[in-house]
Amino acid sequence: MDAKIGLIRGDGIGPEIVTEAKKVLDRVCAKYGHTFHYEELLLGGASIDAYGVPLTDETIEAAKTCDAVLMGSIGGDAKTSPWYKLEPSKRPEAGLLGIRKALGLFANLRPAKLYMELRDACPLHDRVIPNGFDLIIVRELTGGLYFGERKTFTENGKVTAIDTLKYNEDEIRRIAIRAFDIAEKRRKKVTSVDKANVLDSSRLWRKIVEEVSHDYPDVTLENMLVDNCAMQLVKDPGQFDVVLTENMFGDILSDEASMITGSIGMLSSASLNETKFGLYEPSGGSAPDIAGTGKANPIATILSAAMMLRFSLDLEKEADAVEAAVQQVMTEGYRTFDIMSDGCNKVSTSEMGDAIAERV
Ligand code: IPM
Ligand code: MG
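Description of the structure in this document. (Residues numbered from 1 in each chain as written. Chains lettered and ligands numbered in written order. Predicted model: local features only at pLDDT ≥ 70, side-chain atom pairs only at ≥ 80, totals over all residues. Heavy atoms only, no water.)

**Observations concerning empty space enclosed by the protein**
So, step 1. For the coordinates displayed, the defined rule picks out one cavity of 30 Å³ or more.
So, step 2. Taken as a whole, the largest cavity holds about 30 Å³ of empty space.
So, step 3. Surrounding the largest cavity, Leu-165, Tyr-167, Leu-199, Ser-201, Ser-202, Trp-205, Glu-246 and Phe-249 form its lining.
So, step 4. If one sorts the elements of the lining of the largest cavity by residue count, helix H6 (residues 200-213) sits on top with three residues.
So, step 5. For the lining of the largest cavity, the residue count by class is five nonpolar, two polar and one charged. (1 Å grid on protein atoms, 1.4 Å probe; cavity = no way out; pocket = protein on both sides within 12 Å on 5 of 7 lines; lining within 4 Å. Points joined across faces, edges and corners; volume = space filled by probe spheres on them. Helix = DSSP H or I, 4+ residues; strand = E, 2+ residues; numbered from the N terminus. Nonpolar A, V, L, I, M, F, W, Y, C, P; charged D, E, K, R; others polar.)

**Things to note about unusual backbone geometry**
So, step 1. Located in the positive-phi region is Lys-188, a residue other than glycine, with phi close to 65°.
So, step 2. Within the secondary structure, Lys-188 is located in the loop between helix H5 (169-184) and strand S8 (189-194).

**Remarks on the packing of aromatic side chains**
So, step 1. Counted according to the given criterion, the structure contains two aromatic pairs.
So, step 2. Seen from their ring centres, Tyr-167 and Trp-205 are 5.6 Å apart, and the 65° between their planes marks the pair as edge-to-face. Pair noted here: Tyr-167 is in the loop between strand S7 (158-163) and H5 and Trp-205 is in helix H6, with a separation of 38 residues, a long-range link. Across the pair, Trp-205 and Tyr-167 agree in class, each one buried.
So, step 3. The cationic tip of Lys-101 hangs over the ring face of Phe-147; the distance from NZ or CZ to the ring centre is 4.9 Å. (Phe/Tyr/Trp six-rings, centres within 6.5 Å; stacked < 30°, edge-to-face > 60°. Buried < 20%, exposed > 50% of the residue type's maximum accessible area, 1.4 Å probe, protein only. Lys NZ or Arg CZ within 6 Å of the ring centre and 35° of its normal.)

**What about the site of ligand 1?**
So, step 1. Surrounding ligand 1, one finds Glu-93, Arg-100, Arg-110, Arg-139, Tyr-146 and Asp-251.
So, step 2. Within the side chain of Arg-100, an N or O atom sits 2.6 Å from an oxygen atom of ligand 1.
So, step 3. One nitrogen or oxygen atom from the side chain of Arg-139 is found 2.8 Å from an oxygen atom belonging to ligand 1.
So, step 4. In isolation ligand 1 has 320 Å² of accessible area, and contact with the protein removes 78% of it.
So, step 5. Among the detected pockets, ligand 1 sits in the second largest pocket.
So, step 6. When grouped by side-chain class, the residues that make up the shell around ligand 1 number one nonpolar, no polar and five charged. (Near = heavy atom within 4 Å. Polar contact = N/O pair within 3.5 Å; in protein donor to acceptor, adjacent residues only side chain to side chain. Areas by Shrake-Rupley, 256 points an atom, 1.4 Å probe, with all protein chains shown as cover. Sits in = over half its atoms within 2 Å of the grid points.)

**What about the packing of H5 against H6?**
So, step 1. Closest axis-to-axis distance for the H5/H6 pair is 9 Å, and the angle between their directions is 45°. With respect to H6, the axis of H5 lies oblique. Both H5 and H6 take part in a crossing whose hand is right-handed. Facing H5, whose interface residues are Glu-169, Ile-172, Arg-173, Ile-175, Ala-176, Ile-177 and Phe-180, H6 presents Leu-204, Trp-205, Ile-208, Val-209, Glu-211, Val-212 and Ser-213.
So, step 2. Residues belonging to the contact of H5 with H6 are distributed by class as follows: 10 nonpolar, one polar and three charged. (Axes fitted to C-alpha atoms, helices over the stretch in contact; angles between N-to-C directions. Parallel < 35°, antiparallel > 145°, perpendicular 65-115°, else oblique. Left-handed = near helix turned anticlockwise from the far one by under 90°. Contact = heavy atoms within 4.5 Å.)

**Brief notes about the pairing of strand S6 (residues 150-155)**
So, step 1. In terms of burial, S6 is largely open, as just zero of its six residues are buried.
So, step 2. Bridge analysis of S6 against S7 gives six bridges, and the strand direction is antiparallel. Residue Glu-155 lies in a different strand from S7, and its bridge partner there is Lys-158.
So, step 3. Counting the residues between successive antiparallel strands, the hairpin from S6 to S7 contains two residues, one of them, Asn-156, with a positive phi of roughly 50°. (Pairing = 2+ DSSP bridges.)

**Considering the sheet that holds strand S11 (residues 270-272)**
So, step 1. Reading across from one edge, S2-S1-S3-S12-S11-S4-S5-S10-S8-S9 is the order of the 10 strands in this open sheet, with mixed pairing throughout. Two strands close off the open sheet at either side, each with one partner strand: strand S2 (35-40) and strand S9 (220-225). Between one strand axis and the next, the sheet turns by 25° as a mean value, whatever way the strands run.
So, step 2. Strands strand S1 (2-10), strand S3 (68-73), strand S4 (107-113), strand S5 (134-140) and strand S12 (278-280) of the sheet are contacted by helix H4 (residues 92-102), whose axis makes an angle of about 155° with S12.

If you want it as structure tokens, here you go:
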């Protein structure tokens, strides 16, 4: 097939990890006879450097002409980078939130599974994960606190700040439907995470999710408070199948879920709208401290590219081949520095990309 793919290399380790994912995609194209046309798109700090803003209309329009967009990561060191001297709405992160909103990418899927080979990199005790875990976080991505009204002002002589957490029933319903659809193809359990003992938005969330669950009689719904969920993720992660939650809770819980897989460098992610289009990016950040050192783990980006093959391009067997190649390098003992353990073969970012590409 012919496909057009947008590439957002981004900032920090972004360009390095995207290069490795593209290497793997080139291998997929050569092996399975596809042609991917790439269009480079600027976002975040790279866009600020070029245009003074983290997201331009040109990037949004160009992304819309693509079948999918593969992204590295955006942002810099908040203490030293000039990007963080700009007002908050002009910083790199605002570009990422902006493109998610502009493209309607409301459904963020973040799978977290433990490769048994990475057992030593996982901080959890053996008794906690006798059988590993394999869960997916379905995070609402275009609503809630990150998109509500916010301002900083002075009240009674004190500087005061306010953020707003708002969801309407349609926003909750469409993400709940996604989660149940995914659960039907997995182990048929949805854990909906909220803070319904305190928040009105969570009480509405719970009500709508329960309504949606009636259309999925073979899927079990469990409601869990977010503080308990944070605890359960380190107490017994094997209990989870699909974790459905709102934007900020999902942001926090997905970092926690990534750490128990051994490294945030392992966690892929797909951000989808109502169509086949998606933006695929590792869940981790731009790690400016290790940029250019060859230490970055490209696996999350490579697994994100596999999700792109599966969800946006319908290339199921190609996606399987990439995932199997990742599994194989794990089994053979290739490790970037973040997941290194005794007796394994320590490799750089590009050596890991080569090893995976060769095994596709
Ligand atoms: C993520 C990131 C972003 C988010 C930031 C960079 C805005 O943390 O994708 O999880 O909060 O969504
Ligand atoms: Mg995050």
